[in-house]
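# Descriptive analysis of the structure
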Amino acid sequence: MSLAMQQKIEIAADKPYPVYLGSSLEGLGEYLHHQFDDIEHILIVSHQVVADLYAQRLMKGLQDYRINLLIVPAGEEEKSLDRLSQLTAEALGHGTDRKSLVIALGGGVIGDLAGFFASIFMRGIRLIQVPTTLLAQVDSSIGGKVAVNHPAGKNILGAFYPPQAVWTDFSTLERLPWEEVENGLAESIKHALIADGDLFQFFENEQKPIKQRDSLIWSEMVTRSSLVKIRIVSQDEREQGIRALLNLGHSFGHALETEMDYRGITHGQGVSVGIVAAAHLAFAKGLMTSAEVDRVIALLNSYGLLTKIKGLDSQNLLYKMQADKKNQGGRKILILPQGIGQALVSKECSDSEILAAWKEVLI
Ligand SMILES: NC(=O)c1ccc[n+]([C@@H]2O[C@H](COP(=O)([O-])OP(=O)(O)OC[C@H]3O[C@@H](n4cnc5c(N)ncnc54)[C@H](O)[C@@H]3O)[C@@H](O)[C@H]2O)c1
Ligand SMILES: O=C(O)C(=O)C[C@@H](O)[C@H](O)[C@H](O)COP(=O)(O)O
Ligand SMILES: [Zn+2]
């Protein structure tokens, strides 16, 4: 995969920040030198596998800084208060102070965990997101949501904490295992379904080059999908309105993840099954035709994404949905697709309609 030209896109927010698409890991040091004159110490938070692949390249540009690399075990279950506490102890042991910078080098788990750590350590220290999974590049690194999970609810403890910058190097996706690509595709297809019908068609038409990891098509896929997220969070940083659409599939997906104790299911798989459930609910509400529901399921299936799940109880899952952050006054609020390329926020879904949607995806 060759390096594409770097593109800088500014996110409109209370504190605007840039997303650099198609940048190079080696170039981050020069950027930091140029932007900040008061950083001496950097904490890089990563997984071992990612550090083995990319820490050296990143550190090439960081020779003038005192660097500590903190390794977090991989897995959604590590996005926890326990791991946050462990990170805090390690950071203090390394003399981290208010002028230190955190670099989150990894996927969404690292971005959310290290990001939440940065948001609360000494009441907040600076953060740069360096996303290395497809999911993190198109979704989690953008928009400032950071969090850890709780046994009773996904991302229940968190913050809106914009980074100083998002530094996206497409070449880090070269060695990403296909099952992790699938997780990113779930969110990318979600972006297409809620806001960009042409992107949905792109996913339908470009299956071969996407599966073959054609570098130009991948750059286009990451860029177009990131642009959907950038456009939405720039209009509504704190989810007062349109940003909620990015939660399509998540009321169902988060319930699955919580019910399974964040093990044996990935976030992307939960989202993929959740999109299917939301599409069935949208059909029941007259918002989608059955042909459109079939089109969504066919696209997810064509990339090998999960569209049904075994061995779970719909009543338990309905109960888990009570922890959804979109709910108001005990009423469930769901995001429903409206055809292909549009979505809406629905406050009108009854428990029996939601249970019926669950039954469509449970086997
Ligand atoms: N903050 C947000 O807006 C937001 C958005 C979407 C998802 N999320 C969160 O993101 C998390 C899921 O993120 P994810 O799907 O990236 O999973 P992940 O962070 O667990 O990464 C998946 C696996 O890929 C490995 N990996 C990472 N980069 C690699 C690379 N370049 N090459 C090879 N292996 C690599 C990791 O070590 C890990 O084992 C969930 O916790 C979800 O809630 C947050
Ligand atoms: O950025 C957002 O807003 C999203 O909803 C993106 C989601 O893909 C992501 O999983 C997010 O972390 C979910 O947010 P939450 O508020 O439901 O925890
Ligand atoms: Zn998500």
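The structure displayed is predicted, hence computed values, not measured ones.

### So, the overall build of the protein chain
- A count of helical and extended segments in the protein chain gives 14 helices and 11 strands.
- On C-alpha atoms alone, the protein chain measures out to a radius of gyration of 20 Å, which is about the 21 Å that the 2.2 N^0.38 rule sets for 363 residues.
- Considered along the principal axes of its C-alpha atoms, the protein chain spans approximately 60 × 40 × 35 Å.
- Counted over contacts in the protein chain with a minimum sequence separation of 6, partners at least 24 positions apart contribute 74%.

### Overview of the site of ligand 1
- The environment of ligand 1 is made up of 30 residues, and the closest members are Gly107, Gly108, Val109, Thr133 and Ser140.
- Residue assignment for the shell around ligand 1 shows that the elements contributing at least two residues are helix 2 (48-59), helix 4 (108-120), helix 5 (134-140), helix 6 (178-195) and helix 11 (267-284).
- The residue makeup of the shell around ligand 1, split by class, is nine nonpolar, 13 polar and eight charged.
- When we break the shell around ligand 1 down by domain, the ones giving at least three residues each are domain 1 (7-173) and domain 2 (178-361).

### A few points about the nonpolar core
- Among the nonpolar cores identified, the biggest contains 107 residues, and Val45, Val102, Leu105, Leu193 and Ala278 are the most heavily contacted of them.
- When residues of this core are assigned to their parent elements, the largest contribution, 10 residues, is made by helix 11.
- Residue contributions to this core reach at least three from each of two domains, namely domain 1 (7-173) and domain 2 (178-361).
- Residues in contact with Leu193, not counting those within four places in the same chain, are Phe200, Leu248, Ile275, Val296, Pro337, Ile340 and Ala343.

### Details of the UniProt feature "transmembrane region" (unreviewed entry) in the protein chain
- The positions UniProt marks with the feature "transmembrane region" (unreviewed entry) are residues 101-122.
- Secondary structure content for residues 101-122 is 59% helix and 27% strand, and the end C-alpha separation is 12 Å.

### Focus: the pairing of strand 11 (residues 343-346)
- Relative to strand 11, strand 10 (residues 334-337) runs antiparallel, the two being bridged by four bridges. Paired with Ile335 across the strands is Val345, a residue of strand 11.
- Once strand 10 ends, the chain turns through five residues before running back antiparallel as strand 11, passing Gly339 with a positive phi of about 65 degrees.

### Concerning the pairing of strand 3 (residues 41-46)
- Burial runs high along strand 3: five of the six residues are buried.
- Bridge count between strand 3 and strand 4 (residues 66-71): six bridges; the pairing is parallel. Within the sheet, the bridge partner assigned to Ile44 lies in strand 4 and is Leu69.
- With respect to chirality, the unit in which strand 3 leads through helix 2 into the neighbouring parallel strand 4 is right-handed.
- Where strand 3 lies against strand 5 (residues 101-106), five bridges are found, and the strand directions are parallel. Considered in strand 5, the bridge of Ile44 is made with Ile103.

### A word on the environment of Gln35
- Its location among the elements puts Gln35 in helix 1 (residues 28-35).
- Spatially, the C-alpha atoms of Gln35 and Gln164 are 9.7 Å apart, while their sequence positions differ by 129 residues.

### Quick word on the sheet that holds strand 2 (residues 17-21)
- Reading across the sheet, the seven strands line up as 1-2-9-6-5-3-4 and stay open at both edges, with mixed pairing between neighbours. The open sheet terminates on both sides in strands that have one partner only, identified here as strand 1 (7-11) and strand 4. Direction aside, neighbouring strands of the sheet carry axes that sit 20 degrees apart on average.

Definitions and limits used
- Residues numbered from 1 in each chain as written.
- Chains lettered and ligands numbered in written order.
- Predicted model: local features only at pLDDT ≥ 70, side-chain atom pairs only at ≥ 80, totals over all residues.
- Helix = DSSP H or I, 4+ residues; strand = E, 2+ residues; numbered from the N terminus.
- Rg over C-alpha atoms; globule rule 2.2 N^0.38 Å.
- Contact = placed C-beta atoms within 7 Å.
- Near = placed C-beta within 6 Å.
- Nonpolar A, V, L, I, M, F, W, Y, C, P; charged D, E, K, R; others polar.
- Domains from an automatic or database assignment.
- Core = buried A, V, L, I, M, F, W, Y, C linked by C-beta atoms within 7 Å.
- Buried ≥ 20, exposed ≤ 12 C-beta atoms within 10 Å, placed from the backbone.
- UniProt positions renumbered as here; feature names shortened; annotations may be inferred.
- Pairing = 2+ DSSP bridges.
- Right-handed = clockwise from strand over helix to strand, strands pointing away.
- Axes fitted to C-alpha atoms, helices over the stretch in contact; angles between N-to-C directions.

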